[in-house]
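Residues per chain, in single letters:
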Amino acid sequence: MSSTENSSFLTAKNLGVSFHDDKGELIALHDFSFSVDEQEFICVLGPSGSGKSSLLRILAGLLVPTYGQVALAGQPIQGPHPKVGLVFQDPNLMPWRSVLQNVLLPLELDSTPKTDAIIQARAVLDLVGLSGFEDYLPHDLSGGMAQRVAIARALVHDPDVLLLDEPFGALDALTRERMGDELSRIWQSRRKTVVMVTHAIDEAILLADRILVLGSQPGKLVLDIPVNLQRPRAAPLRYTPEFGNLAQTLRSA
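Quick caveat: nothing in here was measured; it's all calculated off a predicted structure.

Whenever I open this one, the pattern of salt bridges confuses me. Can you help?
Pairing is possible between side chains of opposite charge, provided their charged atoms come close. For the coordinates displayed, the defined rule picks out twelve salt bridges. The salt bridge involving Glu40 is made with Arg210; its shortest N-O contact spans 3.1 Å. Taken together, the residues Glu40 in the loop between strand 2 (24-36) and strand 3 (41-45) and Arg210 in strand 9 (residues 210-214) connect sequence positions 170 residues apart. Each member of the pair, Glu40 as well as Arg210, is classed as buried. One salt bridge connects Glu108 with Arg97, and the closest N-O pair in it is separated by 2.9 Å. Here Glu108 is found in helix 2 (residues 99-109), whereas its partner Arg97 is found in the loop between strand 6 (84-87) and helix 2, with eleven residues between them in sequence. Classification of Glu108 by relative accessible area gives partly exposed; the value is 42%. Judged by relative accessible area, Arg97 falls into the buried class, the value being 14%. Salt bridges sharing partners connect three or more residues here, namely Glu40, Arg210 and Asp224.

In structure tokens, the structure reads:
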């Protein structure tokens, strides 16, 4: 697929982002273009400082690019978008609210009728495997469970696009691997359009339909490569020649 295909669902064209302070100008992204088809799962790889998080903030409507534009279903994104969900590395749960109450928050802000909101919240908690934990407080949860709550909160208002910024970066290796499997299962169930930032090559290969690699400052697209591996994918795939060849290509980039 061409990175500038006009029919794509989510598009970014000629994006640039610069930050200024007393030390001068920092260019985070430069002339960056790509596109995502509906229901496609994209992973974004790149070194620290390559503009990955800035890219997600632009797609979420939280950061205005210095130049360029982004569009969802042909409409420019010019501020926080109701059809875009965002999950950060830190779950950012409200400690005084229960699991259910944390997931209900976006629906409360949208003034969704309470009965309907509770039905929707319980459905996404079941989707992420947290049925029975509705009344738990965040301090009673493991890191992986807290991140599941954050994913449920991002999904509860049924967004068209889910943005994930290193969602498993703070987890230990085994929990991270399990959460990757969970995310793959959730995506297979809901088929949202996903853009996920990660530093983990193996994680990207196991999850993505396509992987974008950003170069170091300023962030530029240096590789856009499809992952032509059959789904569903599981950990043993790591030991196949196809996986190893793709991983080497990504490391070289």
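Read on, since the account is not over.
Looking at this model, I keep getting lost on the packing of aromatic side chains. Mind explaining?
Scanning the model with the defined rule gives three aromatic pairs in all. The positively charged end of Arg191 is found above the aromatic ring belonging to Trp187, 4.2 Å away from the centroid.

Explanation requested: the side chain of Thr175 in the structure shown.
Within the secondary structure layout, Thr175 lies in helix 5 (residues 173-190). Look at Thr175 and you get buried, because its relative accessible area is 14%. Within polar-contact distance, the side chain of Thr175 engages the side chain of Asp172 at 2.7 Å.

Hey, could you run me through helix 3 (residues 114-127) in this one?
For an α-helix, 3.6 residues make a turn, and residues three or four places apart therefore share a direction. For helix 3, with 14 residues, the first-to-last C-alpha span of 20 Å sits near the 20 Å given by 1.5 Å per residue. Its buried side turned inward, helix 3 meets helix 2, helix 4 (143-155) and helix 5. Within two residues after helix 3, Gly129 carries a phi angle of roughly 80 degrees, on the positive side.

Mind showing me how you'd approach the sheet that holds strand 4 (residues 67-72) here?
The pairing of strands in a sheet happens through backbone hydrogen bonds and is either parallel or antiparallel. Read from one edge of the open sheet, four strands run 2-1-4-5, paired in antiparallel fashion. Looking at strand neighbours, the two that pair on one side only are strand 2 and strand 5 (75-76), the edges of this open sheet. Of the strand pairs in this sheet, strand 1 (residues 10-21) and strand 2 are connected by nine bridges, and their pairing is antiparallel. What sits directly across from Ser18, in strand 2, is Ile27. Here helix 1 (residues 52-59) sits on the sheet in contact with strand 1, strand 2 and strand 4, set at roughly 60 degrees to strand 2.

Whenever I open this one, the sheet that holds strand 6 confuses me. Can you help?
Read across the open sheet, the six strands follow the order 6-7-8-3-9-10; overall the sheet is mixed. Both edges of this open sheet fall to strand 6 and strand 10 (221-226), since each of them pairs with a single strand only. Ignoring which end each strand starts from, the neighbouring axes of this sheet average 15 degrees apart. The pairing of strand 3 with strand 8 (residues 193-197) spans four bridges and is classified as parallel. Considered in strand 8, the bridge of Phe41 is made with Val194. Lying on the sheet, helix 1 is in contact with strand 3, strand 6, strand 7 (161-165), strand 8 and strand 9; it crosses strand 7 at an angle near 155 degrees.

What's the story with the nonpolar core in this structure? I'm lost.
Note on soluble globular proteins: their nonpolar side chains tend to be buried together. Counting residues in each nonpolar core, the largest one holds 53 residues, and the members touching the most others are Phe41, Met196, Ile205, Ile211 and Leu250. Here the element with the most residues in this core is helix 4; it accounts for eight residues. Not counting the four nearest positions on each side in its chain, Ile205 is found in contact with Ile211, Val227, Leu229, Arg233, Phe243, Leu246, Ala247 and Leu250. Ala28, Val36, Ile42 and Val197 belong to the second largest nonpolar core, which has 28 residues in total.

Calculation criteria
Residues numbered from 1 in each chain as written. Predicted model: local features only at pLDDT ≥ 70, side-chain atom pairs only at ≥ 80, totals over all residues. Heavy atoms only, no water. Salt bridge = Lys/Arg side-chain N within 4 Å of Asp/Glu carboxyl O. Helix = DSSP H or I, 4+ residues; strand = E, 2+ residues; numbered from the N terminus. Buried < 20%, exposed > 50% of the residue type's maximum accessible area, 1.4 Å probe, protein only. Phe/Tyr/Trp six-rings, centres within 6.5 Å; stacked < 30°, edge-to-face > 60°. Lys NZ or Arg CZ within 6 Å of the ring centre and 35° of its normal. Polar contact = N/O pair within 3.5 Å; in protein donor to acceptor, adjacent residues only side chain to side chain. Expected span 1.5 Å × (residues − 1). Contact = heavy atoms within 4.5 Å. Pairing = 2+ DSSP bridges. Axes fitted to C-alpha atoms, helices over the stretch in contact; angles between N-to-C directions. Core = buried A, V, L, I, M, F, W, Y, C linked by side-chain atoms within 4.5 Å.

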